[in-house]
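# Secondary and tertiary structure notes
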Amino acid sequence: MNRATRATATALALLGALSLTACTGGGLSDKGAPKPPATADPASRADLKPFYGQRLAWTECATDGYECARLTVPLDYARPGNGRTFVLPVARAAATGPGKRIGSLVFNPGGPGAAGAGSLEEGMDEAFGAAARARFDIVGFDPRGVGGSVPALTCEPAEEEQETGTEEKEPTEEDGVPEGVAPLYPRTEADRSAAAAGARTAAEDCEKHSGPILRHVGTDDAARDLDILRAALGERKLTYLGWSYGTSLGTSYAEQFPRRVRAMVLDGAIDPSLDWRQRVLSQSAGFRRSVDDYAERCAEIAGDRCPGRTPGEIRALVERLYQRAEREPLPVAEDSSYAEYGGMDATAVLDAVSMAMYTPEDQWEPLSEALREADRGDATKLGALGDEEETESEDTDTDTDTTEGEEQEDASPDASEPPAVPADNSDAALTAVNCLDVPTPAPSAPTGTPSPPPTRPPGSTAPQA
């Protein structure tokens with residue numbers, strides 16, 4: 001998803017437009033496909049035994065020090081024997097103290113849409129203490145539809161479609177919005193109409209390019225995959241750590257397989273009782289508190305780089321940048337990835353600031369310098385904060401291990417050529433999984449709530465939302 005689309009997607013969340021269109025139209029549904037009743041021991045089901053009976057064939061990853069494998073899971077747990085599957089990348093960092101080894105510790109870094117196998121190869125195991133690394137193999141996997149999963153989600157039109165497609169009319173100054181500037185949150189009917197139109201387009205693109213798998217990428221199904229992974233690792237019970245969205249995955253697993261849990265840590269837990277609107281407001285409040293913490297502790301961490309002498313000055317500067325970016329995009333250098341959009345609009349500024357809240361020890365110093373320069377008229381460094389976090393996910397066109405008697409072509413949900421998937425499909429996964437998982441507000445729900453921050457930093461190995 002390009003930056004213009006990502007900025008639009010952020011604005012859509014303010015209206016509930018996605019809940020009115022993308023989450024209820026076509027292939028995306030907040031209800032999802034009917035789920036078969038959970039059993040005490042799903043491995044006893046004859047049609048699931050081939051999946052539970054597989055063992056992972058470990059080989060060296062492209063990154064030294066890690067081992068990689070592939071896990072095959074059914075596309076549809078209601079019909080696991082129909083030959084249609086997901087093949088999921090798995091990676092592990094072997095326990096450093098073999099004599100002390102307890103077993104495997106599986107983690108999910110967040111999202112939905114974060115690729116656990118790729119995160120591990122980027123050094124995620126370093127987030128675990130030396131004692132844990134000594135006693136456990138640290139294991140990450142890409143959930144169904146995410147990252148290197150085959151098949152994988154995509155909601156992007158192909159390049160030829162973009163070239164031949166009809167250009168959408170952008171709001172202009174006549175509509176109350178300066179041309180090229182996306183409002184931080186919709187204030188006018190024109191803003192709301194543009195957001196709703198964007199949501200409908202996003203839903204249509206998702207249905208067109210990922211329709212056959214959209215109903216099968218929810219968290220409950222991913223949790224069932226987690227149990228097959230547990231068995232494939234040779235573990236009688238699961239030891240698991242989940243950050244943010246990973247807590248939802250862990251909760252679903254514990255609800256479906258309560259007797260399969262050895263130990264589970266849920267860090268930054270998401271309240272499963274909250275609907276879509278409540279989650280947005282809760283998360284936004286959390287990011288606001290983080291920005292307040294940054295203002296209060298900037299001098300302690302960033303020293304002279306702080307963009308203000310007092311917390312009040314720092315808060316005022318951030319607010320000033322938002323207001324300026326709503327009137328006109330903040331200028332960036334020609335080689336900036338935001339240059340083609342005329343600079344950073346308010347949503348882009350919000351994204352950059354929010355992203356920097358995840359790891360203060362690493363990001364607050366560069367954020368401070370970037371804010372100072374943006375206030376002086378050059379937002380290039382502010383725009384680059386996100387770019388530095390982005391990394392390409394592994395190529396999905398690799399050899400895979402399958403369950404006995406299955407051919408690799410069964411990984412595709414239909415016989416046609418699967419759509420091209422971008423190197424980072426986390427935005428598509430974020431939309432698809434949330435639309436399946438999270439109750440959406442009624443169409444008549446009030447609009448105009450503050451813009452939600454991004455739910456996870458792309459490519460980051462930090463705990464994510």
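Residues numbered from 1 in each chain as written. Predicted model: local features only at pLDDT ≥ 70, side-chain atom pairs only at ≥ 80, totals over all residues. Heavy atoms only, no water.

### Description of the overall build of the chain
A tally of regular secondary structure across the chain gives 15 helices and seven strands. Counting every position in the chain, which comprises 465 residues, the buried fraction comes to 52%. Within the chain, contacts between residues at least 6 apart in sequence are counted, and of these 75% link residues at least 24 apart. When the accessible area of the chain is evaluated, it comes to approximately 21100 Å², of which 48% is carbon and sulfur surface. (Helix = DSSP H or I, 4+ residues; strand = E, 2+ residues; numbered from the N terminus. Buried < 20%, exposed > 50% of the residue type's maximum accessible area, 1.4 Å probe, protein only. Contact = heavy atoms within 4.5 Å. Areas by Shrake-Rupley, 256 points an atom, 1.4 Å probe, with all protein chains shown as cover.)

### Topic: the pattern of salt bridges
As enumerated under the stated definition, the model contains 20 salt bridges in all. Taking the shortest distance from any N to any O, the salt bridge between Arg-315 and Asp-292 comes out at 3.1 Å. Of this pair, Arg-315 sits in helix H11 (residues 311-327) while Asp-292 is found in helix H10 (residues 276-302), placing the two residues 23 residues apart along the sequence. Note on Arg-315: relative accessible area 31%, which makes it partly exposed. Assessed through its relative accessible area of 23%, Asp-292 is described here as partly exposed. A salt bridge links Arg-305 to Glu-365; its shortest N-O distance comes to 3.5 Å. (Salt bridge = Lys/Arg side-chain N within 4 Å of Asp/Glu carboxyl O.)

### Focus on the sheet that holds strand S6 (residues 238-243)
Strand order across the open sheet formed by seven strands is S1-S2-S3-S5-S4-S6-S7, with mixed pairing between neighbours. Strands with a single pairing partner mark the edges of an open sheet, and in this sheet they are strand S1 (59-60) and strand S7 (261-267). Relative to strand S2 (residues 67-74), S1 is paired through two bridges, and the arrangement is antiparallel. Residue Thr-59 lies in a different strand from S2, and its bridge partner there is Cys-68. Running over the sheet, helix H8 (residues 219-232) touches S2, strand S3 (85-93), strand S4 (103-108), strand S5 (136-141) and S6 and is turned about 130 degrees from S2. (Pairing = 2+ DSSP bridges. Axes fitted to C-alpha atoms, helices over the stretch in contact; angles between N-to-C directions.)

### What about helix H13 (residues 360-375)?
Compared with an ideal rise of 1.5 Å per residue, which puts 16 residues at 22 Å, H13 spans 21 Å between its outermost C-alpha atoms and is within 8% of the ideal. Note on H13: the residue one or two positions beyond its end, Gly-377, has a positive phi of about 115 degrees. (Expected span 1.5 Å × (residues − 1).)

### Here's the deal with the pairing of S3
Of all nine residues in S3, nine are buried; the element is thus mostly enclosed. The alternating pattern of S3 places Thr-85, Val-87, Pro-89, Ala-91 and Ala-93 and Phe-86, Leu-88, Val-90 and Arg-92 on opposite faces, both of which are buried. Relative to S3, S2 is paired through eight bridges, and the arrangement is antiparallel. Bridging across to S3, Glu-67 finds its partner in Arg-92. Sheet analysis places S3 next to S5, joined by four bridges and oriented antiparallel. Residue pairing in the sheet places Arg-92 in a bridge with Val-139 of S5.

### What about the packing of H11 against helix H12 (residues 346-355)?
Here H11 crosses H12 at 150 degrees, and the two axes come no closer than 7 Å. Here H11 is positioned roughly antiparallel relative to H12, judged by the angle of their axes. Of H12, the residues touching H11 (which contributes Leu-321, Tyr-322, Ala-325 and Glu-326) are Ala-346, Val-349, Leu-350 and Val-353. (Parallel < 35°, antiparallel > 145°, perpendicular 65-115°, else oblique.)

### What about the nonpolar core?
Residues Leu-56, Leu-71, Val-106, Phe-141, Leu-153, Leu-226 and Leu-229 are the most contacted members of the largest nonpolar core, which totals 42 residues. It is H8 that provides the largest number of residues to this core, a total of seven residues. Residue contacts for Leu-229: discarding those within four places in its chain leaves Leu-56, Leu-71, Val-90, Val-106 and Phe-141. Core analysis: the second largest hydrophobic core is formed by 35 residues, Tyr-294, Ala-295, Leu-321 and Tyr-338 among them. (Core = buried A, V, L, I, M, F, W, Y, C linked by side-chain atoms within 4.5 Å.)

### Description of the state of the cysteines
Enumeration according to the criterion identifies three disulfides in this entry. Paired through a disulfide, Cys-61 and Cys-68 show a sulfur-sulfur distance of 1.9 Å. The S-S bond linking Cys-61 to Cys-68 shows a torsion near 110 degrees; that makes this disulfide right-handed. You'll find Cys-61 and Cys-68 in the same group, each marked buried. (Disulfide = S-S within 2.5 Å.)

### Remarks on the side chain of Asn-425
By the element assignment, Asn-425 lies in the loop between helix H14 (380-389) and helix H15 (426-437). For Asn-425, a relative accessible area of 4% gives the class buried. Within the structure, the side chain of Asn-425 is placed 3.0 Å from the backbone nitrogen of Gly-147, a separation counted as a polar contact. The residues touching Asn-425, leaving out its near neighbours within four places in the chain, are Gly-145, Val-146, Gly-147, Ala-152 and Leu-153. (Polar contact = N/O pair within 3.5 Å; in protein donor to acceptor, adjacent residues only side chain to side chain.)

### What about the packing of aromatic side chains?
Throughout the structure, instances matching the rule amount to six aromatic pairs. Ring centres 5.0 Å apart and planes at 40 degrees place the aromatic pair Tyr-253 and Phe-257 in the tilted group. Comparing Tyr-253 with Phe-257, the two get one shared label, buried. Plain terms: the ring middles of Tyr-294 and Trp-364 are 5.3 Å apart, the flat faces sit at 70 degrees to each other, and that makes the pair edge-to-face. Residue Tyr-294 is found in helix H10, and its partner Trp-364 is found in helix H13; the two are separated by 70 residues along the sequence. (Phe/Tyr/Trp six-rings, centres within 6.5 Å; stacked < 30°, edge-to-face > 60°.)

### Structural notes on the confidence of the model for the chain
Detailed reading of predicted coordinates is not advised where the pLDDT is low. Residues with a pLDDT of 70 or more make up 73% of the chain, whose mean pLDDT is 79. Segment residues 24-33: pLDDT under 50, and 27 contacts once partners within four positions in sequence are set aside and those in other chains are kept. Segment residues 445-464: pLDDT under 50, and 78 contacts once partners within four positions in sequence are set aside and those in other chains are kept. (pLDDT = per-residue confidence, 0-100.)

### Things to note about H10
Where H10 bends most, the angle comes to about 55 degrees, and this point is Glu-296. Structurally, the start of H10 carries an N-cap: the backbone nitrogen of Arg-277 is 3.1 Å from a side-chain oxygen of Asp-275. At the C-terminal side of H10, Gly-303 shows a positive phi close to 60 degrees. (Bend = angle between axes of the 7 residues up to and from the residue.)

### Quick look at the packing of H10 against H11
Think of two packed helices as two axes; the pair is described by the angle between the axes and how far apart they sit. At a minimum axis separation of 8 Å, H10 and H11 run at an interaxial angle of 130 degrees. With respect to H11, the axis of H10 lies oblique. Pair H10 / H11 crosses with right-handed handedness. In this structure, H10 uses Asp-292, Tyr-294, Ala-295, Glu-296 and Cys-298 to contact H11, whose residues at the interface are Pro-311, Ile-314 and Arg-315. Considering only residue class, the contact of H10 with H11 consists of five nonpolar, no polar and three charged. (Left-handed = near helix turned anticlockwise from the far one by under 90°. Nonpolar A, V, L, I, M, F, W, Y, C, P; charged D, E, K, R; others polar.)

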